[in-house]
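Residue-level structure breakdown
Here is what each chain is made of, one letter per residue.
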Amino acid sequence: MRKNDTTITPVEERFLTESSMKILYKPEEKIQTIVVNNFPALGKLAALRFIEWVQNNPGGVISLPTGKTPEHFIKWVTQILNGWNTKKIKEMLEENGINTTVKPDMKSLYFVQIDEFYPINTSQHNSFYYYVNKFYIDGFGLDRNKAILIDASKLGLDENETLESIWPDMTVDLSLRIRHATNDLEKKQKNVLAKIDQWCQEYEDKIRSLGGIGFFLGGIGPDGHIGFNVRGSDHYSPTRLTETNYETQAAAATDLGGIEIARKRLVITIGLGTITFNPKAAIIIIAAGEAKAQVVADALTKEKNILYPATSLQLMPNARFYITLGAAKNLKMRQLELFSRNEIISENLIEKVIVDCALEKRKRILELTAEDATNDIFVKYIIEKTGKSLNEIAESVYNRLVEKIEKGSTVRLNTTFLHTEPHHDDVMLGYLPAVVRHVRSATNKHWFATFTSGFTAVTNKFVMKQLQSLKKYIHSPYFTILHKEGYFKTTNMNGRNRDIWRYLDGVAANNQDFKEEAIARRLLRILMEVFDEQDIARIEKKIKELEEYFNTAYPGQKDYSHIQKLKGMLREWEVECLWGYFGWSCDNVISLRLGFYKGDIFTEEPTLDRDVTPTLELLQKINPDLVTMALDPEASGPDTHYKVLQAITEAIKLYSAEHPDKPLKIWGYRNVWYRFHPSEANLFVPVSLNMFAVMENSFLNTFNSQKEASFPSYEHDGPFNELAQKIQIEQYQTLKTVLGRDWFYNHPSPLIRATRGLVFLKEMTPVELFDHSRALKQSTENI
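Residues numbered from 1 in each chain as written. Predicted model: local features only at pLDDT ≥ 70, side-chain atom pairs only at ≥ 80, totals over all residues. Heavy atoms only, no water.

Next up on the list: the sheet that holds strand β13 (residues 589-591). The 7 strands lie next to each other as β13-β12-β11-β14-β15-β17-β16, forming an open sheet whose pairing is mixed. This sheet does not close on itself; its edge strands, each paired only once, are β13 and β16 (683-688). Strand-to-strand twist in this sheet, taken as the mean axis angle between neighbours without regard to direction, amounts to 25 degrees. Note that strand β11 (residues 416-421) and strand β14 (residues 626-630) share 3 bridges and pair parallel. The partner of Leu418 across the bridge, within β14, is Val627. Of the strands in this sheet, β16 and β17 (755-764) touch helix α26 (residues 689-702), which is tilted by about 85 degrees from β16. Helix α27 (residues 720-739) rests against β16 and β17 of the sheet, and its axis sits at about 90 degrees to β17. (Pairing = 2+ DSSP bridges. Helix = DSSP H or I, 4+ residues; strand = E, 2+ residues; numbered from the N terminus. Axes fitted to C-alpha atoms, helices over the stretch in contact; angles between N-to-C directions. Contact = heavy atoms within 4.5 Å.)

The following block contains the structure:
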């Protein structure tokens, strides 16, 4: 251990040494922090620290998180416990300072559940009660009798009562705590609320009677929440039934089956005061990915404030943040240390520093002064490191930014594009303006490939509505004629295209009947493919079975495989309509449905045979000149984005080896989940007001399953096209600030003068791409 610092454990010492960073950078940081390279390494560190703590604290009290954040923590702990006596695990444990002669006594531990939705039936697979039982009680071999759990389906209820009888629409009115009940049902509800509040007090008492939580591991939410202690929570709060905020509801929407459900759910959560009750507690917050960089920076650098829940941990001597390099991106002193390790300062890094300085000062780059440079540690550093004057550096950055806009304003000709996306609306939300400008030239060819079936973004309510509409048409004379002609056969590509043409005719004519008929045509075609059935009477029986399923399934339930296929094909229909908007037929729209995407809590890693091979075959078939792909950082945005990136990267490696002389280009894009910094992108595509109108019209008319924004971003309460527009406008405003408004308003090109938004793209060679995606094997085998 480090001298005079007994709080750093052998495991932490090992990872600190590997990171070559200090555990605390005063005065900026107020909580000790360890940085690792990637998401799996984060799970490994947390797992090893947990094992180390359990060894030293038999019979201790632990509290562990739910959701996707602890994925690699759970995998590592399970692997260590199951392989304790194997040579590989023993060597790894010894390397990290853990005594391998004493296996952790998991049965001795007391387990505290952190939180739970309310109301929710805890037999549902999307309840946290189910999660902790599966992954921790059973998975880690804990003693169920020592588990302090939140069974929300029983709290406050008498024997003859159920959640449904007390909360018929599953909505809880907390005002009943302080007002009189107005009817018999409200009297029962008021009584149940009082019992739940009493139960929460007793839950708190149980935890404190054990001395409090000894080992707490948690994630940090988009608003900075710890547990469900959202922004604004009292730092001394106890266990309680409480409301959440929009950011938390949006983050929970996928688990609960949509924002419509999440808005109605309250939560039961241990409080910040519960977490910090034990002064000696090891409290670890884990955060991965650049999307968490700002909430991490706020938690570590702000003074104690209820707006930043994690600042409640500042006085806890054994509190830690374990974070990835991406999550550390906004910690200035750590970034400066990383800068200082570079032998040569890259142009991109110089550009980032100068742009950030100009934005902070709200100045044009060419107006930055010597005083500005002196007061900015990063600008000061690059001036010293490069030996160039501020004016020289600023002019170079200015010219680079102008060049990026000019490059993004040009149109490629005689180019074969392969546009790829994890989900069906990713290309549209990421860079539709660039697509539209390139589809106008008949010299270009375009293929659009979606890699997952995207079924998790389709609600049961939406499918039910589509089935009801089909029932109006299924016995119509025209459908009967089409059926006899073989119109609905899977192999009838002309019929598939006619579905789209009919729908787009309805959009053009603003004719709802045309659109509904086209949707019904496609849904009937989908049902015949899903059930391998052409007989209408049998299809009607299947429709009844589907209606019964959707009427009884709980929101967020994992669907059967044929339901997943049905929902995915509804999304495939939508994307075919989108590209039909711009003149492309079904032949040019490809659905790969990669096998790693199964709707499980933890998404599987891509594999060579199952996921990479189909991607390689697609590349071989199309032989593209330019491939586009979502380039979100790991753990920022849906995990499917990064896993699709891994599959494509591996396929391009194989493809490039087969075609070493082909000058393949890559366009990396981001959309509503994460943004490029201007220094990270090298193509800035202008977006006009007209293009915003095209994006809104095409999105709302084709992505019908997404119009109600059931699975929104925590940043915006509305459909994704609105957020995409907001982001593109913000990117334009950034460039307008650093270049100056006159550069745009007085530009000789009407394209630039009409610009009101910008799309950022990163053009790369295959070799440059490979640096952005770690190898598949390394992603899980981090020993």
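Attention shifts here to the pattern of salt bridges. Side-chain pairing between opposite charges can occur once the charged atoms of the two side chains come close. The final tally for this structure, using the stated rule, is 49 salt bridges. In this structure, Asp151 engages Lys154 in a salt bridge whose closest nitrogen and oxygen atoms are separated by 3.7 Å. On the accessibility criterion, Asp151 (14% relative accessible area) is buried. Looking at Lys154, the relative accessible area reads 59%, which means it is exposed. Its salt-bridge partner being Asp625, residue Lys662 comes within 3.3 Å of it at the nearest N-O pair. Linking Lys662 in the loop between α25 (639-658) and β15 (665-669) with Asp625 in the loop between α24 (608-622) and β14, this pair joins segments that are 37 residues apart in sequence. The class for Lys662 is partly exposed, based on a relative accessible area of 22%. Among the charged side chains, a salt-bridge network with shared partners connects Arg496, Asp499, Arg522, Arg525 and Glu576. (Salt bridge = Lys/Arg side-chain N within 4 Å of Asp/Glu carboxyl O. Buried < 20%, exposed > 50% of the residue type's maximum accessible area, 1.4 Å probe, protein only.)

Spatially, the 3 strands line up as an open sheet ordered β4-β8-β7, and their pairing is antiparallel. Two strands close off the open sheet at either side, each with one partner strand: β4 (115-118) and β7 (240-242). Neighbour to neighbour, the strand axes of the sheet diverge by 25 degrees on average, direction disregarded. Sitting on the sheet, helix α7 (residues 184-209) is in contact with β4, β7 and β8 (266-269), with an inclination near 130 degrees to β7.

Here we take up the nonpolar core. Core analysis: the largest hydrophobic core is formed by 69 residues, its most contacted members being Tyr118, Phe216, Ile220, Ile268, Ile270, Phe321 and Ile323. The element best represented in this core is α7, accounting for 7 residues. Grouped together as the second largest cluster of nonpolar side chains are 66 residues, Ile345, Leu349, Val355 and Ile652 included. (Core = buried A, V, L, I, M, F, W, Y, C linked by side-chain atoms within 4.5 Å.)

A few words on the packing of aromatic side chains. In this structure the tally under the stated criterion is 34 aromatic pairs. The interplanar angle of 65 degrees and the centroid separation of 6.0 Å between the aromatic rings of Phe73 and Phe140 together place this pair among those described as edge-to-face. Separated by 67 residues along the polypeptide, Phe73 in helix α3 (residues 71-82) and Phe140 in the loop between α5 (128-138) and β5 (147-148) bring together distant segments of the chain. Like Phe73, the residue Phe140 is buried in the burial classification. (Phe/Tyr/Trp six-rings, centres within 6.5 Å; stacked < 30°, edge-to-face > 60°.)

A pair of packed helices can be characterised by two numbers: the angle between their axes and the separation between those axes. Closest axis-to-axis distance for the helix α1 (residues 10-19)/helix α2 (residues 39-56) pair is 9 Å, and the angle between their directions is 155 degrees. In terms of orientation, α1 lies roughly antiparallel with respect to α2. Counting all contacts with α1, which are made through Pro10, Val11, Glu12 and Phe15, the residues of α2 involved are Ala41, Lys44, Leu45, Leu48, Arg49 and Glu52. In the contact of α1 with α2, the residues fall into 6 nonpolar, no polar and 4 charged. (Parallel < 35°, antiparallel > 145°, perpendicular 65-115°, else oblique. Nonpolar A, V, L, I, M, F, W, Y, C, P; charged D, E, K, R; others polar.)

This part takes up the environment of Arg49. Considering the arrangement of structural elements, one finds Arg49 in helix α2. By relative accessible area, Arg49 is classed as buried at 10%. Each C-alpha atom of the pair Arg49 and Asn96 lies 9.5 Å from the other, and the pair is 47 residues apart in sequence. Ignoring any residue separated from it by four or fewer positions in sequence, one finds Arg49 in contact with Thr9, Val11, Glu12, Phe215, Ala282, Ile284 and Tyr322.

Turning our attention to the confidence of the model for the protein chain. Looking at the protein chain as a whole, its pLDDT mean stands at 94, while 97% of the residues score no less than 70. Note on residues 775-783: pLDDT under 50 across the span, and 22 contacts to partners over four residues away in sequence or across chains. (pLDDT = per-residue confidence, 0-100.)

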